[in-house]
Amino acid sequence: MKTRHLAILTLLICLGCAQAQDNAQSQAQASPQVRLTALQEADLQTWMNLLAGDAMRGRDSGSPEILLSAGYIAGVWQSMGLTPVPGSGSFFHPFSFSSGGEIYNEYNVVGYLEGSDPDLMEEMILIGAHYDHVGVGNPVDGDSIYNGADDDASGTVALLGIAKLLAAGERPARSVVFCAWGAEEMGLRGSKAFAANPTVDLAKVVVNYNLEMIGHAEELGEGKVFMTGPEYSDLADHVRGYLSHGGFELIPNPFASMDLFYRSDNASFVNLNEGNGRDKKMAGIPAHTFCTWGSESHYHKPNDEPDGINYANMHKLILALTPAIAASANGTEWVQWTDKKFIRYEGK
Ligand SMILES: [Zn+2]
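Not measured: the values here are computed from a predicted model.

A. Inspection of the overall build of the protein at higher detail. Counting secondary structure elements, the protein contains eight helices and 13 strands. Pairs at least 24 residues apart make up 81% of the contacts formed inside the protein by residues separated by at least 6 positions.

B. Fine view of the nonpolar core. With 99 residues, the main nonpolar core has I73, V109, I127, A163, V177 and F178 as its most contacted residues. Looking at this core element by element, the count peaks at 11 residues for helix α4 (residues 149-168). Among residues more than four places away in sequence, those in contact with I127 are L159, I162, V176, F178, C179, Y209 and I325.

C. Representation of the packing of helix α6 (residues 235-245) against helix α8 (residues 311-330). For the pair α6 and α8, the least separation of the axes is 8 Å and the interaxial angle reads 140°. Crossing hand, α6 versus α8: right-handed. On the side of α6, the interface is formed by H238, V239, Y242 and L243, while α8 contributes A320, L321, P323, A324, A327 and S328. Across the contact of α6 with α8, the residue classes tally to eight nonpolar, two polar and no charged.

D. Quick peek at the sheet that holds strand β8 (residues 224-227). Pairing in this open sheet of eight strands is mixed, and the strands run β1-β2-β6-β3-β7-β12-β8-β9 from one edge to the other. Pairing within the sheet leaves two strands with one partner each, and these edge strands are β1 (92-99) and β9 (249-251). Geometrically, the sheet is characterised by an average inter-axis angle of 25° between neighbouring strands, direction not taken into account. Pairing between strand β2 (residues 102-113) and strand β6 (residues 175-181): five bridges, direction antiparallel. Across the sheet, the residue bridging to Y112 is V177, located in β6. Lying over the sheet, α4 contacts β2, β3 (124-130), β6 and β7 (205-211), oriented at roughly 150° with respect to β3. Here α6 sits on the sheet and contacts β7, β8, β9 and β12 (287-291); the angle it forms with β9, its principal contact strand, is near 145°.

E. Quick peek at α6. Within α6 the residues assigned to the buried category are L235, V239, Y242 and L243. The arc enclosing the buried residues of α6, seen along the axis, measures out at 100°, which places them on a common side. The secondary structure elements touched by the buried residues of α6 are β7, β8, β9, β12 and α8.

F. Main features of unusual backbone geometry. Residue D152 is bonded to the preceding D151 through a cis peptide linkage, with omega at -5°. Mapped onto the elements, D152 comes out in helix α4. At A183, a residue that is not glycine, the phi angle is positive and equals roughly 50°. Of note, A183 is situated in the loop between β6 and α5 (189-196). A183 sits in the buried class, given 27 other C-beta atoms within 10 Å. The backbone of D259 shows a phi angle near 60°, a positive value even though the residue is not glycine. Tracing the backbone shows D259 in the loop between β9 and α7 (267-270).

G. Focus on the environment of L159. With respect to the helices and strands, L159 occurs in helix α4. The buried category is assigned to L159, around which 27 C-beta atoms lie within 10 Å. Sequence separation of L159 and L211 is 52 residues, and the distance between their C-alpha atoms is 8.3 Å. What L159 contacts, discounting residues up to four positions off in sequence, is I127, A129, F178 and A180.

H. Spotlight on the pairing of β7. A large share of β7 lies buried, amounting to seven of its seven residues. As paired elements, β3 and β7 share five bridges and run parallel to each other. Each residue of the ladder has a partner; that of G128, found in β7, is N210. As defined by bridge partners, β7 adjoins β12 across four bridges and the pair is classed as parallel. Each residue of the ladder has a partner; that of N210, found in β12, is T289.

Conventions used here
- Residues numbered from 1 in each chain as written.
- Predicted model: local features only at pLDDT ≥ 70, side-chain atom pairs only at ≥ 80, totals over all residues.
- Helix = DSSP H or I, 4+ residues; strand = E, 2+ residues; numbered from the N terminus.
- Contact = placed C-beta atoms within 7 Å.
- Core = buried A, V, L, I, M, F, W, Y, C linked by C-beta atoms within 7 Å.
- Buried ≥ 20, exposed ≤ 12 C-beta atoms within 10 Å, placed from the backbone.
- Axes fitted to C-alpha atoms, helices over the stretch in contact; angles between N-to-C directions.
- Left-handed = near helix turned anticlockwise from the far one by under 90°.
- Nonpolar A, V, L, I, M, F, W, Y, C, P; charged D, E, K, R; others polar.
- Pairing = 2+ DSSP bridges.
- Arc of directions from axis to C-beta.

Below, the structure written as structure tokens:
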């Protein structure tokens, strides 16, 4: 079954390739590191409509449509010049689990943009978002497709957009690994499987940026984004200035009591193993989720549709955040834990 999946996925890459080439944008003006003109709002709409349109039937784990989505993501990346992680042989990172008496064979989709500096290219920035959602369910107002446009096709589209920007500009010194996680909605299954069975050396990951629900602005207002667990590392200090330059304010986490830091895929990298005894600490990678959170009115509901997305705000956020990511990938500094309960993961 897995072999058949992979054959289908390989064919599907072509679909993503062809469509992305149709959308090739002019690359007129270069900013110092990131060519911001390489990404248009129309790119985001194209990818969003493909991933979260009714035809994808809510990208449920175990569905044919989740495979279509995986193939599409890999195809778009390939068209931009990304490759599989060296040695992995494929954009698709397989994992299996059982739930409710069923066996699931799923895939993370992992793309690699090789760093340009021979001394730094072994180090990497991990950028993640989950591409699965919850599929088809109880109808609300006659609509049974839970599209998951904001949750988390928005983060997945950002993965494609950031890849396009970084691949179009000056190649960063460090490598950048783009991870579209599978089966997040079933308990962070994909990112946990990658953390347990990685195709990269996790001791060389400088930081993990995770993107969740960045397609709405009703509740926080436009031009505002928060990160989860800002008090745990110095990442906020690295990104705040870049966001501000791009017209975005990094606001305090408005949902601090909800413990969101541990509820998205970044959490899979926060605690890779633990120390022993009295000084037991969580050894992991500084890993945080960026979110603009829309409202309860569409969260995990059939009305989380592509036409509800605020593309202008999302486009602006991606353009503001990508230079921060490029800076993480170009600097020699590492993002550091600042809360003493964490220590940096240094390998097993
Ligand atoms: Zn989500």
